[in-house]
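Below, each chain spelled out in residue letters.
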Amino acid sequence: MKKIYKQEYFNYHESILVVCQDCENDATVKNEYCHKQTTLECRHCDLKKTGLDLIAYKAFINLYCPVCAHQIRYEQGNFKEKPKNINVKCDECDSSFQIQPKTEKYLNSYPKEEGLIHDPVFGCPYYFQTDFKGKLFWAKNMEHLLEMENYVSSDLRIRLPYKMRMVEKLPTFIKDAKNREAILKILQKWKNLYK
Ligand SMILES: [Zn+2]
Ligand SMILES: [Zn+2]
């Protein structure tokens, strides 16, 4: 009997399963679309952060010493608050000055690893991801994984008029019949990994 594809899971937009940067188990990122409301929480350790915790400031100063005209440059990141005045010293004549720096706001995310997919706010790598013949294959969360499995394992992938967008937009290598067994195997492995 042929399995006809019918969507079973709908909530694959709601969260991202990522690797916890403290304990390396799975952690969950929610509300990734608005960094002020984004949360990162690990059910295995104490890690709990919001996007607001990541806001940091960089300060820049570039001036010529009013005493000896030597160039003074200063650059420093990781300020929790927007820095107002900074003490800089001239290397040449040792005079010091209180200067209001130029500032830049940024998100102090985890350093990203090249070639991997990460959540856009904290920069944690997706929990389900692997190289598949030179292409990155990933699942955003369990629902996404199960829906891909549901789709890939179907014999008949009839186009339905609505709510089909995720599976239809999947990269060709996932939908390709010749990769079917291998893709299903990876999905099964991921399912076993997540406990
Ligand atoms: Zn953890
Ligand atoms: Zn000077």
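First, a word on scope: everything that follows refers to the structure included in this document.

Definitions and cut-offs
- Residues numbered from 1 in each chain as written.
- Chains lettered and ligands numbered in written order.
- Predicted model: local features only at pLDDT ≥ 70, side-chain atom pairs only at ≥ 80, totals over all residues.
- Heavy atoms only, no water.
- Donors = N, O, S within 2.8 Å, 3.2 Å for Na, K, Ca; no water.
- Tetrahedral: all angles 85-135°; square planar, octahedral: opposite > 155°, others 65-115°.
- Helix = DSSP H or I, 4+ residues; strand = E, 2+ residues; numbered from the N terminus.
- Buried < 20%, exposed > 50% of the residue type's maximum accessible area, 1.4 Å probe, protein only.
- Disulfide = S-S within 2.5 Å.
- Phe/Tyr/Trp six-rings, centres within 6.5 Å; stacked < 30°, edge-to-face > 60°.
- Lys NZ or Arg CZ within 6 Å of the ring centre and 35° of its normal.

## Topic: the coordination of the zinc ion (ligand 1)
Phase 1 of the analysis: Within the protein, C20 (SG), C23 (SG), C42 (SG) and C45 (SG) serve as the donor atoms for the zinc ion (ligand 1), at 2.3 Å.
Phase 2 of the analysis: For the zinc ion (ligand 1), the four donor atoms are set out with angles of 106 to 117° between them, so the coordination reads as tetrahedral.
Phase 3 of the analysis: In primary-sequence terms, the residues that donate to the zinc ion (ligand 1) follow C-x2-C-x18-C-x2-C. Taken together, the positions of C23 in the loop between β1 (15–19) and β2 (26–30) and C42 in strand β3 (residues 39–42) put the pair 19 residues apart, joining distant regions of the chain.
Phase 4 of the analysis: Exposure remark for C23: the relative accessible area of 26% places this residue in the partly exposed category.

## Brief notes about the state of the cysteines
Phase 1 of the analysis: In this structure the tally under the stated criterion is zero disulfides.
Phase 2 of the analysis: The closest cysteine sulfur to the non-disulfide-bonded C124 is located on C20, 7.4 Å from its own sulfur.
Phase 3 of the analysis: A relative accessible area of 0% places C124 in the buried class.

## A few points about unusual backbone geometry
Phase 1 of the analysis: Unlike most non-glycine residues, D94 shows phi in positive territory, near 70°.
Phase 2 of the analysis: By the element assignment, D94 lies in the loop between β7 (86–89) and β8 (96–99).
Phase 3 of the analysis: The exposure class of D94 is exposed, given its relative accessible area of 53%.
Phase 4 of the analysis: The backbone of K133 sits at a positive phi, close to 45°, despite the residue not being glycine.
Phase 5 of the analysis: For K133, the position within the fold is in the loop between β10 (128–132) and β11 (135–139).
Phase 6 of the analysis: Residue classification places K133 among the exposed residues on the basis of a relative accessible area of 62%.

## Things to note about the environment of S109
Phase 1 of the analysis: Residue position: S109 is located in the loop between β9 (102–107) and β10.
Phase 2 of the analysis: For the pair S109 and H35, spaced 74 residues apart in the sequence, the C-alpha separation amounts to 11 Å.

## Here's the deal with the packing of aromatic side chains
Phase 1 of the analysis: Counted by the stated rule, this structure contains eight aromatic pairs.
Phase 2 of the analysis: The interplanar angle of 65° and the centroid separation of 5.3 Å between the aromatic rings of Y127 and F128 together place this pair among those described as edge-to-face.
Phase 3 of the analysis: Overall, the relative accessible area of 15% leaves Y127 in the buried class.
Phase 4 of the analysis: For F128, a relative accessible area of 0% gives the class buried.
Phase 5 of the analysis: Put simply, the rings of Y127, F128, F132, F137, F173, W190 and Y194 touch in pairs and so form one group of aromatic residues.
Phase 6 of the analysis: If you follow K58 out to its NZ or CZ, it ends over the ring of Y106, 5.1 Å from the centre.

## Here's the deal with the coordination of the zinc ion (ligand 2)
Phase 1 of the analysis: Bound to the zinc ion (ligand 2) are the protein donor atoms C65 (SG), C68 (SG), C90 (SG) and C93 (SG), situated 2.3 Å from the metal.
Phase 2 of the analysis: Considering all four donor atoms around the zinc ion (ligand 2), the spread of angles at the metal, 104 to 114°, places the coordination shape in the tetrahedral class.
Phase 3 of the analysis: Summarised as a motif, the one-chain spacing of the donors to the zinc ion (ligand 2) is C-x2-C-x21-C-x2-C.
Phase 4 of the analysis: Overall, the relative accessible area of 0% leaves C90 in the buried class.

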